[in-house]
Amino acid sequence: MKPIKGFSKLNKEEKIDFLVNHVFKGDKNAKKTLLSFWHNNPDSQKIFDEFSENTLSNYYFPYGIVPNVHLNGKIYCVPMVIEESSVVAAAAKASNFWLKRGGFHAEVQGTTKVGQVHMIWPGNPEDLQKLFNDKKVELLNQMVAPLTVNMEKRGGGLTNIELRDKTDLEPGYYQIWCEFETCDAMGANFINTVLEAIGHSFKEMVRKAFNGPDSDLQIVMAILSNFTPNCRVKAWVECPIEDLNDPAHGMGPQEFAEKFARAVRIAKIDISRATTHNKGIYNGIDAVILATGNDFRAIEACGHTYASRHGRYQGLTDCFIENGMFRFELDIPMSLGTVGGLTTLHPLAKLALDMLGRPSARELMMIVATTGLAQNFAALRSLTTSGIQRGHMKMHLMNILNQFSATEEERIKAKAYFEKDMISFQSVRDYLTQLRDVQ
Ligand code: MEV
């Protein structure tokens, strides 16, 4: 296929036709599939089209809920968007387990967002520091204030600005380090606008203050940092050890607590396990982040960096067994918003936030962290007792049956049959073959 020029200028149907003709060799089924996922209301479809570029259709994911999430004394129905069959069921199981044991607790540890202007300057570091100190008030009053006035009315704004000398790491490298409070907004556009204005103004100040090569400060880039270790939330569950008793564990509560705590410790000392452990946490977190129209890539990137803060990648949860009490907690950075962006534009994200009672960003941080904790609790509980496959494959049964185009009658029979039998792709295929041979 030859490269195409001006693809983005084509209208949607022309784009689809291009794809059908050049990639699918004229096979109209591809077009049929794409059109079948268009929204039947053109106005709604237009909203989805405009979220992105070169849009051809919509990609559906299941939108489910976890009821009975008891957090800080309040019961939530938590929306989750995820394709992995066992995730919602696991979160629901963990929520029900803790519903009878005091529920989940959570607390916001901080809401500071960060941005950096990265710069190169050839002169003497003390001279740049002096200029920055002398001009800081002017920079704030003349350049930053007009941009932050609305955010300040809501209680936010630029909360700290400093020049950082990084010349020991890269010749001539400095940063203007900025901290922000963005209230209920994730704040990316606000932060980036302020940073670019600061960068341009400081460059101009340097041009006027110095002569020769020192008058040229290069702005390498101005951008928020997705690493927000001080925009963080802690979620936890706790109960007397004997309250962990559950016949499904197949062991006493003390043994369960110790085995569970050991599994958490293994994720602290082994990076292979830590990665899977944290993946499970993000199964829950990403699903709520997606449902509420937030940026799951930013939240994941930050969490994985945070998981490496002690110099080695580690599990994000901790478990304590002390004085007859069991405590399991998740301490995690979480920069998100409940206003702006997709949160109001995407009808289902809007509905998700309505479902949660229109939470503030702080409240949503706690809800999301709780879902991550619930997910990790459910995974470790299964892993340290029955093993993960029983529950996982039970949920996956429907996907396997769909792959074999099972009829409704076959699905009912297979569900009943696999109540007792071990589920695998092979065993489901064999069962269906046998069932179909008999008929
Ligand atoms: C599967 O998506 C997630 C788990 O592997 C997480 C874990 O092992 O802790 C079950």
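The structure this text deals with has already been given above.
Please read these numbers as outputs of a predicted model, since none were measured by experiment.

Q: In this structure, what is going on with the sheet that holds strand β4 (residues 113–120)? I would like to understand it.
A: In sheet architecture, strand pairing relies on hydrogen bonds along the backbone and comes in two forms, parallel and antiparallel. The antiparallel open sheet is built from 4 strands, whose spatial order is β5-β6-β4-β7. The two strands at the open ends of the sheet, each matched to only one other strand, are β5 (157–165) and β7 (218–225). Recorded for the sheet is a direction-independent mean angle of 15 degrees between the axes of neighbouring strands. Of the strand pairs in this sheet, β5 and strand β6 (residues 173–181) are connected by 8 bridges, and their pairing is antiparallel. When the bridges of β6 are listed, Leu163 appears paired with Ile176. Contacting β5 and β6, helix α5 (residues 125–153) crosses the sheet at an angle of about 160 degrees to β5. Set on the sheet, helix α6 (residues 188–209) makes contact with β4, β5, β6 and β7; between it and β7 the angle comes to about 160 degrees.

Q: Just checking my understanding: could you explain the pattern of salt bridges for this structure?
A: Side chains carrying opposite charge are able to pair once their charged atoms draw close together. Going through the model one piece at a time under the given rule, you end up with 22 salt bridges. Across the pair Arg207 and Glu204 runs a salt bridge whose closest N-O atoms are separated by 2.6 Å. With Arg207 and Glu204 both in helix α6 and 3 residues apart, the pair spans about one turn of that helix. Arg207 gets classed as partly exposed once you look at its relative accessible area, which sits at 45%. Put simply, Asp354 and Arg358 hold a salt bridge, and the shortest N to O gap is 2.7 Å. Within the structure, one salt-bridge network assembled from shared partners comprises Lys234, Glu238, Arg327 and Glu329.

Q: Would you mind showing me how to read a nonpolar patch on the surface here?
A: A surface patch of nonpolar side chains, about 320 Å² in accessible area, is lined by Met1, Val23 and Phe24. Tracing the backbone through its elements, the reader meets Phe24 in the loop between α1 (12–22) and α2 (28–36).

Q: Looking at this structure, I do not really get the packing of aromatic side chains. What am I missing?
A: Pairs of aromatic rings are described using the distance from one ring centre to the other and the angle between the two planes. This structure, assessed with the given rule, holds 21 aromatic pairs. With 5.7 Å between their ring centres and 80 degrees between their planes, Phe132 and Phe202 make a pair best called edge-to-face. Residue Phe132 is found in helix α5, and its partner Phe202 is found in helix α6; the two are separated by 70 residues along the sequence. Looking at Phe132, the relative accessible area reads 2%, which means it is buried. An aromatic cluster is built from Phe97, Trp98, Phe256, Phe260, Phe326, Phe328 and Phe377, whose rings are joined through pairwise contacts. Against the face of Phe97 rests Arg101, its NZ or CZ located 3.6 Å from the ring centre.

Q: Can you help me understand the site of the ligand in this one?
A: For the ligand, the full set of nearby residues is Glu84, Arg273, Thr276, His277, Lys279, Gly280, Asn283, Ala379, Leu383 and Ile388. One of the side-chain N or O atoms of Arg273 is found 2.8 Å from an oxygen atom in the ligand. Between the ligand and the protein, one listed contact pairs an oxygen atom with a side-chain N or O atom of Asn283 at 2.9 Å. In isolation the ligand offers 300 Å² of accessible surface; the protein chains occlude 83% of this area. Mapped by element, the contributors of at least two residues to the shell around the ligand are α8 (271–291) and α12 (361–384). The biggest single contributor to the shell around the ligand is α8, with 6 residues. A breakdown of the residues in the shell around the ligand according to their chemical character gives 3 nonpolar, 4 polar and 3 charged.

Q: Would you mind going over the environment of Asn133 with me for this structure?
A: Turning to its location among the elements, Asn133 is positioned in helix α5. Separated by 30 residues in sequence, Asn133 and Leu163 have C-alpha atoms that sit 8.6 Å apart.

Q: Can you walk me through the side chain of Asp49 in this structure?
A: Its place among the elements puts Asp49 in helix α3 (residues 42–51). According to the relative accessible area criterion, Asp49 is buried, its value standing at 16%. Setting aside residues up to four positions removed in sequence, Asp49 forms contacts with Lys12 and Thr55.

Q: Help me understand the side chain of Ser335, please; the structure alone is not making it clear to me.
A: Positionally, Ser335 belongs in the loop between β10 (325–333) and α10 (342–345). Look at Ser335 and you get buried, because its relative accessible area is 11%.

Q: Got a minute to help me understand the packing of α5 against α6 in this structure?
A: To describe two helices that pack against each other, one gives the angle between their axes and the distance between the axes. For the pair α5 and α6, the least separation of the axes is 9 Å and the interaxial angle reads 145 degrees. The interaxial crossing formed by α5 with α6 has right-handed handedness. Listed contacts from α6 to Leu128, Leu131, Phe132, Lys135, Glu138, Leu139, Met143, Val144, Leu147, Thr148 and Met151 of α5 are Phe190, Thr193, Val194, Ala197, Ile198, Ser201, Phe202, Met205, Val206 and Ala209. Partitioned by chemical class, the residues of the contact of α5 with α6 number 16 nonpolar, 3 polar and 2 charged.

Q: I tried to follow a negative patch on the surface on my own but got confused; where do I start?
A: The grouping of Glu126, Asp127, Asp165 and Asp168 at the surface amounts to a negative patch. With respect to the helices, strands and loops of the structure, Asp165 is situated in strand β5. Judged by relative accessible area, which is 39%, Asp165 ranks as partly exposed.

Q: Please clarify how unusual backbone geometry should be interpreted in this entry.
A: Glycine aside, the phi torsion of most residues is negative, and most peptide linkages are trans. The backbone phi angle of Lys25 is positive, close to 50 degrees, even though this residue is not glycine. Within the secondary structure layout, Lys25 lies in the loop between α1 and α2. With a relative accessible area of 72%, Lys25 lands in the exposed category. The backbone phi angle of Asn323 is positive, close to 50 degrees, even though this residue is not glycine. Residue classification places Asn323 among the exposed residues on the basis of a relative accessible area of 81%.

Parameters and conventions
Residues numbered from 1 in each chain as written. Predicted model: local features only at pLDDT ≥ 70, side-chain atom pairs only at ≥ 80, totals over all residues. Heavy atoms only, no water. Pairing = 2+ DSSP bridges. Helix = DSSP H or I, 4+ residues; strand = E, 2+ residues; numbered from the N terminus. Axes fitted to C-alpha atoms, helices over the stretch in contact; angles between N-to-C directions. Contact = heavy atoms within 4.5 Å. Salt bridge = Lys/Arg side-chain N within 4 Å of Asp/Glu carboxyl O. Buried < 20%, exposed > 50% of the residue type's maximum accessible area, 1.4 Å probe, protein only. Patch = residues over 30% accessible without salt bridge, like charges linked within 9 Å, V, L, I, M, F, W, Y side chains within 5 Å. Areas by Shrake-Rupley, 256 points an atom, 1.4 Å probe, with all protein chains shown as cover. Phe/Tyr/Trp six-rings, centres within 6.5 Å; stacked < 30°, edge-to-face > 60°. Lys NZ or Arg CZ within 6 Å of the ring centre and 35° of its normal. Near = heavy atom within 4 Å. Polar contact = N/O pair within 3.5 Å; in protein donor to acceptor, adjacent residues only side chain to side chain. Nonpolar A, V, L, I, M, F, W, Y, C, P; charged D, E, K, R; others polar. Left-handed = near helix turned anticlockwise from the far one by under 90°. Lys, Arg positive; Asp, Glu negative; His and termini not counted. Charge placed at Lys NZ, Arg CZ, Asp CG, Glu CD.

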